[in-house]
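Analysis of the macromolecular model
Residue strings, one per chain:
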Amino acid sequence: MSFRTAAILATRVSRQPLASKLVAARTPAAAQRAFHATPAAFIKVGDPLPGLEDVLMENSPGNKVNLAQEAQALNKMILLGVPAAFSPACSAKHIPGFINHPRTKEFDLVAVVSVNDPFVMKAWGEVLDPAGDHNIRFLADPSGRFTKAMDMDFDGSSIFGNHRSKRYSILIENGKVTSVNVEPDNTGTSVSMAENVLGPA
Amino acid sequence: MPGLKAGDSFPEGVKFTYVAPTGQLDLTTCGLPIKYDASEEFKNKKVVIVAVPGAFTPTCQEQHVTSYLANLDNLKAKGVDQVVFIASNDHFVMAAWGKANGVKDDSILFMSDTGLAFSKSIGWTKGDRTLRYAIVVDHGKVVYADTDDVPKSIGKSGAEAVLSKL
């Protein structure tokens, strides 16, 4: 570049406060993470859900759901994460296990979250709950940001082409997590099944 | 490379993933995924590939798939051996979408363009979805390829459009 351009750039840069320049230069990753509303951290007992207001969608892209906020207004709810809508274990075992468990009605809401788009989640909900029982809702996390914020994502690129949600079952009371049950291999059907989480049916 | 056009050879190494239809329409069960070697399969067939931005989305569902379902006999009469729908959705979703449309055999196969590999390779993507397009491959040679750039339109990639080019 010309000497003049270089001189102008140098002057501009030198006008920034020294401290912020050093911070930006030394910790670029931290500077990026600072723009996230909620840094990713494995969700644990006592935590609230990620307070994201425009990530989860229900039925259509324009219909955003702030699940953390809804959870605070509820007595008890169940949050189920699945790797893939319409996949065998998700469709045949995980979700139906909760739909059919006698203790599920003690909860105000069952929310199913998957890294799929809202059209797919809506169609899947119609398959698993054709009667439209209002206590179970199928929410889409297409960007994966809600799932990542709880550190519940895994790299499913070889099968799915993107990161997906681990299979988990989380119980929440008055907006705070009371139990976290995540499959150790991400996709199995053991600790997160209804019989394990809610007791024998 | 902006898409394919008539006269091109269908690229080598194109693979999709799908779940083979099992003759039943239960959407809560699903077989295991298989890799479909498109480049190999298309060498000895006449095939229509239809790409849609999203399974279960309005236009794709109400117009695009239905146009092909309604015209399967007409397509067969013009020598088409196979119709393959692809999208960026995963193979589980594609399999369910096929069943949701009442397809329980291989009259139309529903496959995933996993990772958008093929659509990216020909530059026919928008964000992390495919464009809406149709490609006719006759024994390894592309005889028709076009995209629908007008939202909600299937004027270039619907069954009628493809039939008129066969």
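Under an unreviewed UniProt entry, chain B has the name Thioredoxin peroxidase and belongs to Lasiosphaeria miniovina. Annotation of chain B in UniProt includes, under Sequence similarities (unreviewed entry), the sentence "Belongs to the peroxiredoxin family. Prx5 subfamily." Its UniProt record gives chain B a comment under Function (unreviewed entry), which states: "Thiol-specific peroxidase that catalyzes the reduction of hydrogen peroxide and organic hydroperoxides to water and alcohols, respectively. Plays a role in cell protection against oxidative stress by detoxifying peroxides."

Under an unreviewed UniProt entry, chain A has the name Redoxin-domain-containing protein and belongs to Lasiosphaeria miniovina. Regarding chain A, the UniProt comment filed under Function (unreviewed entry) reads as follows: "Thiol-specific peroxidase that catalyzes the reduction of hydrogen peroxide and organic hydroperoxides to water and alcohols, respectively. Plays a role in cell protection against oxidative stress by detoxifying peroxides." As recorded by UniProt, the Sequence similarities (unreviewed entry) comment attached to chain A reads in full: "Belongs to the peroxiredoxin family. Prx5 subfamily."

Here we come to the nonpolar core. Phe86 and Trp124 of chain A together with Tyr68 and Phe85 of chain B are the most contacted members of the largest nonpolar core, which has 54 residues in total. Counting 24 residues, the second largest nonpolar core, distinct from the first, contains Leu4, Val47, Met111 and Tyr133 of chain B.

Here we take up the pattern of salt bridges. Residues and elements named next belong to chain A. Taken as a whole, this structure holds 13 salt bridges over all chains when the rule is applied. Where Glu106 meets Lys76, a salt bridge forms, and the shortest distance between an N and an O atom there is 3.7 Å. Of the two residues, Glu106 sits in the loop between helix H5 (88-99) and strand E4 (109-114) while Lys76 sits in strand E3 (residues 76-82), which places them 30 residues apart along the sequence. Relative accessible area serves as the criterion here: at 40%, Glu106 is assigned to the partly exposed category. Close ionic contact of Lys122 with Glu126 constitutes a salt bridge, the shortest N to O distance being 3.8 Å. You can see Lys122 and its partner Glu126 sitting in helix H6 (residues 118-128), four residues apart, about one turn around the helix. Assessed through its relative accessible area of 38%, Lys122 is described here as partly exposed.

Rules and cut-offs
Residues numbered from 1 in each chain as written. Chains lettered and ligands numbered in written order. Predicted model: local features only at pLDDT ≥ 70, side-chain atom pairs only at ≥ 80, totals over all residues. Heavy atoms only, no water. UniProt positions renumbered as here; feature names shortened; annotations may be inferred. Core = buried A, V, L, I, M, F, W, Y, C linked by side-chain atoms within 4.5 Å. Buried < 20%, exposed > 50% of the residue type's maximum accessible area, 1.4 Å probe, protein only. Salt bridge = Lys/Arg side-chain N within 4 Å of Asp/Glu carboxyl O. Helix = DSSP H or I, 4+ residues; strand = E, 2+ residues; numbered from the N terminus.

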